Each structure stands twice: as C-alpha cells, then as structure tokens.
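Each chain, written out:
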Amino acid sequence: NANSIAKGGDEWYTEIKSGDEFESLNNKFKDLVTGLKARNLLKSYVSDDAFSDIKENESLKLSPGGEYIEATIVFSALKDYEYLSQQITPQESIQLLSNFMALADEVAKEFGGSIDKIIGDTIMLVFRQNPTLTSHGLRAAQAALALVDKADSADLPKLYTGIASGKVISGRIGSYSGKLDFTVIGNPVNLAARFKTESKNGTEKTGIIISGTTIGLTKGKAIVRFLRRVSIKGKAHQYNIYELLGIRE
C-alpha cells in the first residue's frame, strides 16, 4: 500500500484493529489517503494552471494577486447550441458539451495551453508565453484549427471561435476569505470574446476570427482572409478582423 501511495495512488485497504499505536498510525494513513483522493478529484474541476498555482503555493497563504503576462486567448463555442439543446434530452445535451470539452482539453494540452473556464456552451482557452515553447499566438492558432477539425470528425456542431493576443493580468481573483478564481483578465480576453460573437456571421471555412496582433505572432505562418472592420463597445477605434484559414508549414 505504501509503495502504491508513493507512486501516486490514492487507495488504502489495510485495516488494523490492534488498539495500539499501530492502529492509530494506520488511521492517520487512511486520513492522508482521503486527502490525496480529494486532491486528485479536484484536478478534474479546476484548470491545469489553477492546480499548478495551488501546488506552488502554501494553501493557507493563497490570496488575490496577479502579474502582467503575454498570452493568447481563444473563445470557442458550439454554433446554435441553444436551439439544439431544446431538441434533445438534458442527458444528450450534457453529453454533447462533455464531448466538446474533452476535445478542447486534448487540443489545449497538445499545444501548451489550458482550459481556463467553461461558460455555458463556450470554452475559454489560454496560451501563456513560455520560453521553452513556440509563440503563444502560433500555438493558439494551431489549437483552434485542430479543434475545428476534431469537432468535425466527431460530428459535433460547427464551432465559432475568436482569438486575440496581448498583455493580460494572470492570477488569483476573488476574496481574501472566500472563493478564488485563477484566470486572466484584460483587453485581449474581451476582444477574443467579441470576435467569437462576430464569427457567427461572415466566415466561409473555419469559423475562426483572429486578431491582427495574433497574426503577427505567427510570423507569417497564418493563412488568413480579411473580413471587415468592426467597432468594439467601449473602444474608440475599429478593429480589422480576419478569418484564419490555415497554418503554413
């Protein structure tokens, strides 16, 4: 049992009813394993980035705070999900979302990103700058294209997606005494969400709208088609938006 725990297991089957210190020690091991099981279960409910932050900090010292980083944000959603969900059972609706999320998680990990949060039928992916990996903008573009292909192969509804890059605040947001959310905030997050909405109309092939900044980060590898200029609520100037068609080798 101890060897199994050392290798990452979270089951403890030994029972000792001796009434002495060995029984007490065994009970403490059982409590420890219960905590390990809860930790492993927690990994299924929070993002990889959030779990890494928890591991790197003493839990009692976790508090709101963050830092500026460069990142690319991807918002992707199932087109017409609200209509579809009314035509199928709740169980089928949950299964549809679960299949979509499983593909998104697979793609995010493949390209060095993570699922930040799930909002209804929309998944938010974050690709942080990493000196050991290629450009976060290129990785995000590759991931978005891969997700479209995988969703099509899995017979999921068409996706509509928005991508934007830039400086964001990454960290723990929330209450000192309550719930914390490890996430990113900033203009690129808002732009990616807006571009996702814009991609519902006026795209021909992939349904992916990519910002000019992200295109620049791909260093000439992005194959795009100019769509139009759009106004963003709260912004003084308009933005050029493009459909991402592919990535050059």
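The paragraphs below set out a description of the structure included in this document.

Quick notes on the rules
Residues numbered from 1 in each chain as written. Predicted model: local features only at pLDDT ≥ 70, side-chain atom pairs only at ≥ 80, totals over all residues. Heavy atoms only, no water. Patch = residues over 30% accessible without salt bridge, like charges linked within 9 Å, V, L, I, M, F, W, Y side chains within 5 Å. Areas by Shrake-Rupley, 256 points an atom, 1.4 Å probe, with all protein chains shown as cover. Salt bridge = Lys/Arg side-chain N within 4 Å of Asp/Glu carboxyl O. Helix = DSSP H or I, 4+ residues; strand = E, 2+ residues; numbered from the N terminus. Buried < 20%, exposed > 50% of the residue type's maximum accessible area, 1.4 Å probe, protein only.

1. Focus on a nonpolar patch on the surface
So, point 1. Together, Tyr68, Ile169 and Ile185 make up an exposed nonpolar region whose accessible area comes to about 300 Å².
So, point 2. Mapped onto the elements, isoleucine 185 comes out in strand S5 (residues 180-185).

2. As for the pattern of salt bridges
So, point 1. Tallied over the full model, the rule gives six salt bridges.
So, point 2. As a salt-bridge pair, lysine 150 and glutamate 106 come within 3.0 Å of each other at their nearest N and O atoms. Linking lysine 150 in helix H6 (residues 136-153) with glutamate 106 in helix H5 (residues 90-110), this pair joins segments that are 44 residues apart in sequence.
So, point 3. Take lysine 150: its relative accessible area is 27%, and that puts it in the partly exposed class.
So, point 4. On the basis of relative accessible area, glutamate 106 is assigned to the partly exposed category, the value being 41%.
So, point 5. Between arginine 228 and glutamate 198 there is a salt bridge, and its shortest N-O distance comes to 3.1 Å. Of this pair, arginine 228 sits in strand S7 (residues 222-231) while glutamate 198 sits in helix H7 (residues 187-198), and the two are 30 residues apart along the sequence.
So, point 6. Within this structure, Arg194, Glu198 and Arg228 form a network of salt bridges that share partners.

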